[in-house]
Amino acid sequence: MNFKISERFKAVLTSILVTFAIYTGALFIFLYVQGWRVDLLDQSIKQVGVLTVDSSPSPADIYVDGEIRGRTARSMTLDVGKYDLRVSRDGFYDWNKEVNIVEEKSTPVSAYLIRTEFDEESIFQSDLTLENYWVDKNNNHLLMLLNDGTTVRLLHHNINTGFWALNSTPLTILEINSDIEDPITTLDLQLSPSGEKAILHIITETSDSKYVIPTTRVSQYEDIIDTPLPLSEFANYTLTWANDENFLMLESDADVISYNLERNTKHLLYRKVDELDVWSTDQDGYFYIFRNNTGAEENILTYSLEQYNLDGSGKTTVIPNIYFQSNEEFINTYRESEFKFSYFTNSPENTQTIGEITDFIVKQELTGIYIETTQATYWYNSTTGKYITVSAYPSEVIQFSPDGDKVLITTNEQYKVFILDKEEGDHTVTIGTQPINNLNSDLVSDIHWLSNSRYYQFEEDGFIYISDIDGDNKTPILESEGLTYWTVTSSREELVTLTETEDTGIVIKSYTIH
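Attention in this report is confined to the structure presented alongside it.

About the thresholds
Residues numbered from 1 in each chain as written. Predicted model: local features only at pLDDT ≥ 70, side-chain atom pairs only at ≥ 80, totals over all residues. Heavy atoms only, no water. Phe/Tyr/Trp six-rings, centres within 6.5 Å; stacked < 30°, edge-to-face > 60°. Buried < 20%, exposed > 50% of the residue type's maximum accessible area, 1.4 Å probe, protein only. Lys NZ or Arg CZ within 6 Å of the ring centre and 35° of its normal. 1 Å grid on protein atoms, 1.4 Å probe; cavity = no way out; pocket = protein on both sides within 12 Å on 5 of 7 lines; lining within 4 Å. Points joined across faces, edges and corners; volume = space filled by probe spheres on them. Helix = DSSP H or I, 4+ residues; strand = E, 2+ residues; numbered from the N terminus. Nonpolar A, V, L, I, M, F, W, Y, C, P; charged D, E, K, R; others polar. Core = buried A, V, L, I, M, F, W, Y, C linked by side-chain atoms within 4.5 Å. Contact = heavy atoms within 4.5 Å. Polar contact = N/O pair within 3.5 Å; in protein donor to acceptor, adjacent residues only side chain to side chain. Pairing = 2+ DSSP bridges. Axes fitted to C-alpha atoms, helices over the stretch in contact; angles between N-to-C directions. Lys, Arg positive; Asp, Glu negative; His and termini not counted. Salt bridge = Lys/Arg side-chain N within 4 Å of Asp/Glu carboxyl O.

1. Some details on the packing of aromatic side chains
This model, assessed by the stated rule, comprises 18 aromatic pairs. With 5.7 Å between their ring centres and 50° between their planes, tyrosine 334 and phenylalanine 341 make a pair best called tilted. On the accessibility criterion, phenylalanine 341 (23% relative accessible area) is partly exposed. Grouping aromatic residues by their ring pairs yields a cluster made of Phe290, Tyr303, Phe324, Phe360 and Tyr378. Sitting above the plane of the tyrosine 63 ring, arginine 86 keeps its charged end 4.0 Å from the centroid. Residue placement shows lysine 474 over the ring face of tyrosine 465; its charged tip is 4.9 Å from the ring centre.

2. Focus on the layout of surface pockets
Roughly 1300 Å³ of internal volume is contained in the second largest pocket. Considering the residues around the second largest pocket, the lining is formed by 43 residues, among which Lys137, Asn138, Pro193, Gln283 and Lys363 are closest to the centre. When contributions to the lining of the second largest pocket are tallied by element, the ones reaching two or more residues are β14 (184–191), β17 (238–241), β21 (278–281), β25 (357–363), β29 (395–400), β33 (444–449) and β37 (485–488). Residue composition of the lining of the second largest pocket, grouped by class: 16 nonpolar, 20 polar and seven charged.

3. Overview of the nonpolar core
Leu51, Leu85, Ile466 and Leu495 are the most contacted members of the largest nonpolar core, which has 30 residues in total. Those residues in contact with isoleucine 466, other than ones at most four positions away along the chain, are Tyr112, Ile114, Leu450, Tyr455, Tyr456, Gln457, Asn473, Lys474, Thr475, Ile477, Val488 and Ile513. Ranked by size, the runner-up nonpolar core spans 24 residues in total, among them Leu276, Tyr334, Ile354 and Ile371.

4. Overview of the side chain of serine 453
Here serine 453 lies in the loop between β33 and β34 (455–460). In this structure the side chain of serine 453 is engaged in a polar contact, spanning 3.0 Å, whose partner is the backbone nitrogen of aspartate 403. Aside from chain neighbours lying at most four places away, what touches serine 453 is Ser401, Pro402, Asp403, Lys406 and Ile469.

5. Digging into the sheet that holds strand β4 (residues 67–71)
With antiparallel pairing, four strands are arranged side by side in an open sheet as β4-β3-β6-β7. Where the open sheet ends on each side, the last strands, each with one partner, are β4 and β7 (95–101). Ignoring strand direction, the axes of neighbouring strands in this sheet form an average angle of 30°. Two elements, strand β3 (residues 61–64) and strand β6 (residues 81–88), share four bridges in a ladder whose sense is antiparallel. Bridge pairing in β6 places isoleucine 62 opposite valine 87.

6. Brief notes about the side chain of glutamate 459
One can find glutamate 459 in strand β34. Look at glutamate 459: it is buried, it has no salt bridge, and the nearest opposite charge is lysine 474 at 13 Å. Here the side chain of glutamate 459 touches serine 480 through a polar contact of 2.9 Å, side chain to side chain. With near-sequence residues (within four places) excluded, glutamate 459 lies in contact with Leu443, Val444, Ser445, Asp446, Ile464, Ser480 and Trp486.

By themselves these figures say nothing about function.
Quick look at the structure:
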């Protein structure tokens, strides 16, 4: 009898223990997933997050609060809180950042390390005179006009030469002898947005003509002068490139006309009837116009956005109505407060959209429109139909980031970055506008994104610097005095400079900085 009771007791006890173990295990799994860890030494349960550190180049030593924690690339679990992170590698500047570890979240960090000493290489040298130079907005193509007194040479240098390129020296794409019948008095270029084409403007003693030439291959002057742009009757118009580079845009006080380069046809796009109307083009070959539809007695400005093909066909209304307050007191309220802007729906009653539209940029690949007014700046998300205030002041776009998620702007005499989008769950990024720290805005010039969209290159007080998106890790690269032009290549491996001195002539140099 006692034997039977003992066996039953064991079975019940075993069942209880197994059940307890299952529930305890499930609890621990739940707590683990929720970012909790058990510290047996402290006999406590703590919330934790994950820090993931990568570097370029790799490997590099990882220090957290001064303690070595391994080498990149590595992920580690840390208690919730703030830490001083340092990434270090011999021959490179240390990379430092304060990181915030959040429960249940991964905090990704990527350190771009810069050498303390650079390898220097001369790419090109010439004793000719540098008459002028041009660079496209993305710093891919450098055009140089050189003169030796008898011949004018136009050279193209591919700044971002691929590893497969056999020759990285500049290519002479055009030569013009000075003993031609009608000598040239002025030569100028207007590069297309990509820099792969250019409007060549040549003025001689008897003529004034424009031509379109490729910038990456050789052209013969004799062939070029036989095919001028047939736009002589539009001499008083302003000539610009359409963003798709297949059309040229002609604007006067009365109208806007497009010129199809392939078909040699002209198209009237818009007769100006209202001084508040504003137009633009995009990379996909469309013409846009914000039309002012405000009634004579209305206090609220009303616009509509229309889209056309660049030949004037295919009208589409993109935004039927967008309303802007004319009372400046509304924007002053936002300027004086610490108001945190978020997406909103536009309506006549809305007080965030204020001022007359002065410019806009359509980015179809980002499904949005950047809108500048006389009082503020906005981003319109065409997918949601909502707006967000970029700045409570007028601002100027310097450059969209290569990944398309950010915009570098200058507003109210400060450089800032507006973040359009972020990866879901990334707590290190906040959509909206943030200042760039550690910049002396009065002294900064030539600021641009690096190709990884997480760092800037800029000139400040006689030096070239690189810093990360927050303005941290501001690293001096080279003195800028005496440099005609400079940029960091898209590989982020080299700094390219152009100089001209009496002793060395024209020199293009490359410095290995990474």
